Amino acid sequence: AVKQRVFSGVQPTGVLHLGNYLGAIRQWVRNQEEYENFFCVVDLHAITAPHVPKELTKATYRTAALYLASGLDPARSTIFVQSHVSAHAELTWLLNCATPMNWLERMIQFKEKKAKQARGGALRVAGGPFVSPVGVLPPQEEKSDGESCGVGLFDYPVLMASDILLYQAQLVPVGEDQRQHLELTRDIARRFNDQYCQNKQRKTFVEPKALIQTSNARVMSLQDGKAKMSKSAENDMSRINLLDTPDEIARKIKRCKTDSVKGVMYDEARPEANNLLGIYEAMTGMSRDEVAREAEGWAGWGTFKPLLTEATIAHLEPLQQRYKEIITEQDYLTKILNDGAEAAEKVASRTLIDAKRAMGF
Ligand code: ADP
Ligand code: NA
């Protein structure tokens, strides 16, 4: 049988964290055999926030190396960098002209990120310099509302739609935060097909579906039970990065926000407990039921936190080991990304030509 096609990506900003890993990358790896896979480091997306040019390439390599260290296999998945395949930018322009403005104005992430950038760059450590996820920025003024972000931030979902649609992907494994963007991608595909492919035997675009897991689809910040764990959060204590040292992991879990309820157990009303128990499941490979049973024997957070710390360190250790090996093999990594771009380009350029023909070019 023909395998269904998967596309997904992560931005090369900062270091990937447990949210990216559990929400997205782990399911890419797990389903690698079942699908035909395209996994992209979406560097064009990363420049929608203030960034430091010389840090971008480094972050791109780091992200690709983390893909491999997490278990993506170049023999079974096409792994590449978005900016290496020019069709992404080109299709974005075509789709920009086929996407109503108010569809983008509705996007929740745009509103959130715009507000954040208005507060001064991507992030600002209290009183300190402006720090973007990819390096320290030169000092800047507070910006007026109209200048607080670039057009790219607003247009980000159209670039994301192009990423997916170029590969005719049926499935897009992402975290919960991307659900709205996936809906938009479907709407854009349908609108384009309706408008430009009426008399054609085959529509230009496949309408993709989001693949969102039932557990760990939204890993929460360790400091704020209402926010998702994110690369762009000001406070590094809010996330566990995949490359954190054992000491850092221990410190972050020790200081993470908890509640004052007795015992630790799954409970709708206890977001911190649910979040950390979910992470514990993933780190130990235990089922929810198994964790619930084990938790009955815990006196409280004081028992649970060291167990979670130990499990997290143990789970990440082999990944970090592989990362260290891969990141020093620049030539190996470059070869994989070059081969990946070549393979991706073949598929993407076919879709691009089709889209251009449909529009009359
Ligand atoms: P970030 O939001 O940290 O900058 P990206 O926007 O690059 O990360 O997202 C990369 C992938 O990781 C997407 O599939 C996204 O849904 C997923 N993801 C990001 N944060 C989380 C989270 N806290 N929980 C689950 N999945 C997440
Ligand atoms: Na995101």
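An unreviewed UniProt entry annotates the protein as tryptophan--tRNA ligase of Prymnesium parvum. One UniProt comment on the protein, placed under Subcellular location (unreviewed entry), says "Mitochondrion". Note on the protein: under the UniProt heading Sequence similarities (unreviewed entry), the record states "Belongs to the class-I aminoacyl-tRNA synthetase family."

Caption draft 1: Just the overall build of the protein, in detail. Within the protein, the regular secondary structure consists of 13 helices and eight strands. Relative to the compact-globule value of 21 Å for 361 residues, the protein shows a C-alpha radius of gyration of 21 Å, a close match. The C-alpha extent of the protein, read off along each of the three principal axes, is 70 × 55 × 45 Å. When each of the 361 residues of the protein is scored for burial, the buried share is 40%.

Caption draft 2: Quick peek at helix H8 (residues 179–196). For H8, spanning 18 residues, the distance from its first C-alpha to its last is 26 Å, which sits close to the expected 26 Å at 1.5 Å a residue. Residues of H8 that are buried make contact with helix H4 (87–96), helix H7 (151–166), strand S7 (171–173), strand S8 (209–211) and helix H13 (330–359).

Caption draft 3: Here's a closer look at the site of ligand 1. Close contacts around ligand 1 come from 19 residues, with Gly 19, Gly 23, Ala 24, Val 174 and Gly 175 the closest. The element contributing the most residues to the shell around ligand 1 is helix H1 (residues 18–30), with four residues. Looking at the shell around ligand 1 residue by residue, the class counts come to six nonpolar, nine polar and four charged.

Caption draft 4: Up close: the pairing of strand S1 (residues 5–10). Among the six residues that make up S1, five are buried, leaving the element largely enclosed by the rest of the structure. Where S1 meets strand S2 (residues 36–41), six bridges bridge the pair, whose relative direction is parallel. Bridge pairing in S2 places Ser 8 opposite Phe 39. Remark: the S1/H1/S2 crossover connection has right-handed handedness.

Caption draft 5: Quick look at the nonpolar core. Grouped together as the largest cluster of nonpolar side chains are 76 residues, with contacts concentrated most on Phe 38, Tyr 67, Ile 164, Tyr 167 and Ala 348. Sequence-distant contacts of Ile 164, that is, excluding residues within four places in its chain, are made with Phe 7, Ala 169, Val 172, Thr 185 and Pro 208.

Caption draft 6: Structural view of the environment of Lys 200. Looking at the secondary structure, you find Lys 200 in the loop between H8 and S8. On a C-alpha basis, the gap between Lys 200 and Arg 218 in space is 40 Å, while along the polypeptide they are 18 residues apart.

Caption draft 7: Unusual backbone geometry, seen in detail. The backbone of Gln 168 shows a phi angle near 55 degrees, a positive value even though the residue is not glycine. Along the chain, Gln 168 falls in the loop between H7 and S7. Despite not being glycine, Asn 216 has its phi angle at roughly 60 degrees, a positive value. Within the secondary structure, Asn 216 is located in the loop between S8 and helix H9 (246–254).

Caption draft 8: Seen up close, the environment of Gly 19. Mapping Gly 19 onto the fold places it in helix H1. Residues Gly 19 and Ile 240, 221 residues apart in the sequence, show an inter-C-alpha distance of 8.4 Å. If we skip the residues at most four places from it in the chain, Gly 19 touches Gly 175, Val 219, Lys 228, Met 229, Ser 230 and Arg 239.

Caption draft 9: Expanded view of helix H10 (residues 271–284). Here H10 spans 20 Å end to end across 14 residues, near enough to the 20 Å set by a 1.5 Å rise per residue. Glu 272, Ala 273, Asn 275, Leu 276, Leu 277, Gly 278, Ile 279, Glu 281 and Met 283 are the residues of H10 that are buried. Where H10 is buried, its residues touch H1, helix H11 (288–295) and helix H12 (301–328). Positive backbone phi, approximately 75 degrees, marks Gly 285, located one or two places after H10.

Caption draft 10: Examining the packing of H4 against H13 more closely. One way to put it is that H4 packs onto H13 with a least axis distance of 10 Å and a crossing angle of 20 degrees. Judged on the interaxial angle alone, H13 and H4 are roughly parallel. Regarding H4 and H13, the two cross each other, and that crossing is left-handed. Residues Ala 87, Glu 90, Leu 91 and Leu 94 of H4 lie in contact with H13, whose contacting residues are Ala 348, Ser 349, Leu 352, Ala 355, Lys 356 and Met 359.

Caption draft 11: Representation of the pairing of strand S3 (residues 77–81). Within S3, five of the five residues are buried, leaving the element largely enclosed by the surrounding structure. Neither face of S3 is exposed, since Ser 77, Ile 79 and Val 81 on one face and Thr 78 and Phe 80 on the opposite face are all buried. Inspection of the sheet shows S2 paired to S3 by five bridges, in the parallel sense. Looking at the pairing, Val 41 lines up with Val 81 of S3.

So, how was this worked out
- Numbering of residues starts from 1 in each chain and follows the order in which that chain's sequence is written.
- Written order decides the labels, with chains lettered from A and ligands numbered from 1.
- At least 70 in pLDDT is required for a residue's local features to be given in this predicted model, at least 80 for side-chain atom pairs to be given and counted, and no such filter applies to totals for whole chains, interfaces and linings, which use all residues.
- UniProt positions are given in the numbering used here, feature names are shortened, and annotations may be inferred rather than shown by experiment.
- Secondary structure is summarised from DSSP: a helix means a run of H or I of at least four residues, a strand means a run of E of at least two, and numbering begins at the N terminus for each.
- C-alpha atoms define the radius of gyration, and 2.2 Å times the number of residues to the power 0.38 defines the globule rule.
- Exposure is read from a count of other C-beta atoms within 10 Å of each residue's own; the residue is exposed at 12 or fewer, buried at 20 or more and partly exposed in between. C-beta atoms are placed from the backbone.
- A helix is expected to span 1.5 Å multiplied by its residue count minus one.
- Residues are scored as being in contact if the C-beta atoms we place from backbone atoms lie within 7 Å.
- Near, for a residue, is defined by distance from a backbone-placed C-beta atom to a molecule or strand, with 6 Å as the limit that must not be exceeded.
- Side-chain classes follow a simple rule in which Ala, Val, Leu, Ile, Met, Phe, Trp, Tyr, Cys and Pro form the nonpolar group, Asp, Glu, Lys and Arg form the charged group, and the remainder, Gly included, forms the polar group.
- Strand pairing is defined by DSSP finding a minimum of two bridges between the two strands.
- If you view a crossover with the strands going away from you and the path from the first strand over the helix to the second runs clockwise, you call it right-handed.
- By our criterion, buried Ala, Val, Leu, Ile, Met, Phe, Trp, Tyr and Cys residues that link up through C-beta atoms within 7 Å make up a nonpolar core.
- Angles shown run from 0 to 180 degrees and are taken between the N-to-C directions of axes, each axis being a line fitted to C-alpha atoms and, for helices, limited to the stretch in contact.
- Oblique is the label for any angle not covered by the other classes, which are roughly parallel (under 35 degrees), roughly antiparallel (over 145) and roughly perpendicular (65 to 115).
- For any pair of crossing helices, the crossing counts as left-handed if the nearer helix is rotated counterclockwise from the farther one by less than a right angle, and right-handed if it is rotated clockwise.

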